[in-house]
Amino acid sequence: QVQLVESGGGLVQAGGSLRLSCAGSGIIFSLYIMNWYRQAPGKQRELVATITSGGTINYADSVKGRFTISRDNAKNTVYLQMNSLKPEDTAVYYCNALRRVENYWGQGTQVTVSS
């Protein structure tokens, strides 16, 4: 059974930082592209950051320079370090594991940034 479990969300003031974690099980974690998505109320889910199995990284323009994605394959975990948070970063953040036709999601973790 595949599980992705996010943690690290919470309430933070604008300008603050949070570090999200996503622990995977039931998959060969190192083979998967790992993504962080977010969905704000009334908006579509958007891709925030990607790290491939080879370590290639991409970010949405809205978070470049503020967020950092990383992975520790030995711990089956992907991280999202979020700095200089803004109220518009408020959303539910989801972890996603992707490989060929396999596509798995976590349950999400709420991030709320107060102004």
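Quick summary incoming for the structure in this document.

Criteria and cut-off values
- Every chain's residues receive numbers from 1 upward, in the order its sequence appears when written.
- Totals for whole chains, interfaces and linings use every residue, but because this is a predicted model, local features are given only for residues with pLDDT of at least 70 and side-chain atom pairs only at 80 or more, for both listing and counting.
- Where side-chain values are given, they derive from all heavy atoms of the structure, hydrogens and water being excluded.
- For every residue, the accessible area (1.4 Å probe, protein chains only) is compared with the maximum for its type, and the residue is labelled buried under 20%, exposed over 50%, or partly exposed between those bounds.
- Working definition: helices are DSSP H or I runs of at least four residues, strands are E runs of at least two. Numbering for both runs from the N terminus.
- Here the rule is simple: two strands pair whenever DSSP picks up at least two bridges between them.
- Pairing of aromatic side chains here covers Phe, Tyr and the six-membered ring of Trp, requires ring centres within 6.5 Å, and sorts the geometry by plane angle: under 30 degrees stacked, over 60 edge-to-face, intermediate tilted.
- Put simply, a disulfide is two cysteine sulfurs that come within 2.5 Å.

### A look at the pairing of strand E7 (residues 67–72)
When a strand is regular, its side chains alternate between the sheet's two faces.
Here's step 1: With burial as the criterion, only one face of E7 is covered, namely that bearing Phe67, Ile69 and Arg71; the residues Thr68, Ser70 and Asp72 on the opposite face remain uncovered.
Here's step 2: Across six bridges, the pairing between E7 and strand E8 (residues 77–82) is antiparallel. Bridge pairing links Ile69 to Leu80 in E8.
Here's step 3: Between E7 and E8, which follow one another and run antiparallel, lie four residues, and Asn76 among them has a positive phi close to 55°.

### Let's talk about the packing of aromatic side chains
Here's step 1: Taken as a whole and assessed by the stated rule, the structure comprises two aromatic pairs.
Here's step 2: When the ring of Tyr32 is compared with that of Tyr104, the centres are 6.3 Å apart and the planes differ by 45°; the resulting orientation is tilted. Here Tyr32, found in the loop between strand E3 (18–25) and strand E4 (33–39), pairs with Tyr104, found in strand E10 (residues 102–105); they are 72 residues apart in sequence, far enough to count as distant.
Here's step 3: When its relative accessible area of 4% is taken as the criterion, Tyr32 is described as buried.
Here's step 4: Note on Tyr37 and Trp105: the rings are 4.9 Å apart at their centroids and 55° apart in plane angle, and the pair reads as tilted. Taken together, the residues span a long stretch of sequence, with Tyr37 in strand E4 and Trp105 in strand E10 at a distance of 68 residues.

### Some thoughts on unusual backbone geometry
Here's step 1: Despite not being glycine, Asn76 has its phi angle at roughly 55°, a positive value.
Here's step 2: Considering the arrangement of structural elements, one finds Asn76 in the loop between E7 and E8.
Here's step 3: Even without a glycine there, the phi angle at Ser84 is positive, about 50°.
Here's step 4: Counting through the fold element by element, Ser84 comes out in the loop between E8 and strand E9 (91–99).
Here's step 5: In this structure Ser84 comes out as partly exposed when scored by relative accessible area, which is 42%.

### Re the state of the cysteines
Here's step 1: Scanning all chains against the criterion turns up one disulfide.
Here's step 2: Residue pairing for Cys22: its cysteine sulfur links by disulfide to Cys95, the two sulfurs lying 2.1 Å apart. Judged by the sign of its S-S torsion, about -75°, the cystine formed by Cys22 and Cys95 is left-handed. Taken as a pair, Cys22 in strand E3 and Cys95 in strand E9 lie far apart in primary sequence, 73 residues in all.
Here's step 3: In this structure Cys22 comes out as buried when scored by relative accessible area, which is 0%.

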